[in-house]
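The lines below spell out each chain.
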Amino acid sequence: MENQDSWYQQWFNTQYYHKLYDHRNDKEAELFMENLIAFLNLPKKSKILDLPCGRGRHAIYLNNLGYHLTGADLSINNINYAKRFENNTLHFHTHDMRDHLSEKYDAIFNLFTSFGYFDYEDENIKVLQNFKSGLRYNGILVLDFININKAKTNLIPKEIITKNDIDFYIKRKVENNYLKKEIKFNINEKLYEFEEKIQCLTLSKFKSMSKKVNLKIKHIFGDYNLKPFDEKESDRLIIIFQ
Ligand SMILES: C[S@@+](CC[C@H](N)C(=O)[O-])C[C@H]1O[C@@H](n2cnc3c(N)ncnc32)[C@H](O)[C@@H]1O
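Keep in mind that this is a model prediction, so the values were computed, not measured.

Draft legend 1. Representation of the overall build of the chain. From N to C terminus, the chain includes eight helices and eleven strands. Relative to the 2.2 N^0.38 estimate, which gives 18 Å for 242 residues, the radius of gyration of the chain is 18 Å and therefore close to what a compact globule would have. Evaluated residue by residue, the chain yields a buried proportion of 50% over its 242 residues. Sequence separation of 24 or more characterises 60% of the internal contacts of the chain that already satisfy a separation of 6 or more.

Draft legend 2. Quick peek at the nonpolar core. If you look at the biggest cluster of nonpolar residues, it comprises 77 residues, and the most contacted ones within it are W11, F109, F115, F131, V142, F185 and F206. The biggest single contributor to this core is strand β5 (residues 135-146), with six residues. Two domains share this core, each providing at least three of its residues, namely domain 1 (7-146 + 201-241) and domain 2 (151-197). Not counting residues within four places of it along the chain, the set of residues in contact with V142 comprises L36, L40, I108, F109, N110, L111, I238, I239 and I240.

Draft legend 3. Helix α4 (residues 57-64), seen in detail. For α4, a buried count of seven out of eight residues is recorded, marking the element as mostly surrounded by other parts of the structure. Turning to α4, its buried residues number three or more, namely R57, H58, A59, I60, Y61, L62 and N63. Against the buried residues of α4 lie α3 (26-40), β1 (47-50), β2 (68-73), β3 (90-94) and β4 (105-110). A positive phi of about 110 degrees marks G66, the residue just after α4.

Draft legend 4. Layout of the site of the ligand. Among the 21 residues in the neighbourhood of the ligand, the closest are listed as P52, R57, D73, D96 and M97. R57 places a polar side-chain atom, nitrogen or oxygen, 2.8 Å from an oxygen atom of the ligand. D96 is positioned with one of its side-chain polar atoms (N or O) 3.0 Å from a nitrogen atom of the ligand. Protein contact buries 97% of the 600 Å² of open area that the ligand shows by itself.

Draft legend 5. Seen up close, the packing of aromatic side chains. Taken as a whole and judged by the stated rule, the model has 22 aromatic pairs. Ring centres 5.3 Å apart and planes at 85 degrees place the aromatic pair Y8 and F118 in the edge-to-face group. Pair noted here: Y8 is in helix α1 (residues 7-11) and F118 is in the loop between β4 and α6 (121-133), with a separation of 110 residues, a long-range link. Taken as a pair, Y8 and F118 share a single burial class, namely buried. With centroids separated by 5.0 Å and ring planes inclined at 80 degrees, the aromatic side chains of F12 and Y17 adopt a geometry described as edge-to-face. Y17 shares its class with F12; the two are buried. If you follow K190 out to its NZ or CZ, it ends over the ring of Y192, 4.8 Å from the centre. Over the aromatic face of Y178 sits the side chain of K197, whose NZ or CZ is 4.8 Å from the ring centroid.

Draft legend 6. Region of interest: the side chain of K150. Relative to the elements of secondary structure, K150 occurs in helix α7 (residues 148-153). Of note is the side chain of K150, whose polar atom sits 2.8 Å from the side chain of D235. Discounting residues that sit within four places of it in the chain, K150 has contacts with E231, K232, E233, S234 and D235.

Draft legend 7. Geometry of the pairing of strand β8 (residues 178-187). In the sheet, strand β7 (residues 166-175) pairs with β8 via seven bridges, with the strands oriented antiparallel. Counterpart to E175 in the pairing with β8 is Y178. Between β7 and β8, which pair antiparallel in sequence order, lie two residues; one of them, N176, sits at a positive phi of approximately 50 degrees. In this sheet, strand β9 (residues 190-199) lies alongside β8 in antiparallel orientation, the contact comprising ten bridges. Of the residues in β9, the one forming a bridge with K180 is K197.

How each quantity is defined
- Residues numbered from 1 in each chain as written.
- Predicted model: local features only at pLDDT ≥ 70, side-chain atom pairs only at ≥ 80, totals over all residues.
- Heavy atoms only, no water.
- Helix = DSSP H or I, 4+ residues; strand = E, 2+ residues; numbered from the N terminus.
- Rg over C-alpha atoms; globule rule 2.2 N^0.38 Å.
- Buried < 20%, exposed > 50% of the residue type's maximum accessible area, 1.4 Å probe, protein only.
- Contact = heavy atoms within 4.5 Å.
- Core = buried A, V, L, I, M, F, W, Y, C linked by side-chain atoms within 4.5 Å.
- Domains from an automatic or database assignment.
- Near = heavy atom within 4 Å.
- Polar contact = N/O pair within 3.5 Å; in protein donor to acceptor, adjacent residues only side chain to side chain.
- Areas by Shrake-Rupley, 256 points an atom, 1.4 Å probe, with all protein chains shown as cover.
- Phe/Tyr/Trp six-rings, centres within 6.5 Å; stacked < 30°, edge-to-face > 60°.
- Lys NZ or Arg CZ within 6 Å of the ring centre and 35° of its normal.
- Pairing = 2+ DSSP bridges.

As far as function goes, none of this settles anything; it's purely spatial.
Structure representation (structure tokens):
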């Protein structure tokens, strides 16, 4: 029988996602978190939700800095991996970001292109509404998305990326306002096929969505060193909402 799970349930739950993206590692997470925390000046022991947290690379580092962390993710394998790092002030559990949050936080972090996966605009709004209602008064939402304009301009339609002894055959295209990546590879002569499908969400789209849920944009950055956002040059679109 065909696997009916959506692309994001399949791909992110594999070990191969982590092999292909092994440069998106603890070092990168720590650099970004160091800069972000210095900028936000959040008091120690603040309650932070990292959603989705993946294997917990940002959450674990933030907890080491003295913050109280919850990491949540749809992928059971990622959560099981992260759980080995749990302690009294660091917890991980599975959660779908489209579902209501039962607790309130001083800050919610949505990091490394963890938005725009779904088929309907309503689902983006639902996620933003959940984030908003999960924030304490004056709480902060950080959303770190890909700069879609630069990604589209610099799109490499076809390439082979070799990582961890695996040749990943990658094809990229923009279709129906989604940035699509086809990923194929062979392991022991078995062919694996996955895709990534990210909505082409621009800053102006985020502005209109945030208005709908009454979140205010406070700052916008263009990379993990928190350089100003430039539509042509920046790799990231990092938005701080309150
Ligand atoms: C690109 S990864 C980023 C993970 C993490 N923020 C990091 O930087 O390592 C996206 C994550 O989103 C999770 N995810 C996908 N759809 C989700 C959903 N509906 N609710 C919660 N997590 C989801 C995936 O399982 C995956 O771990």
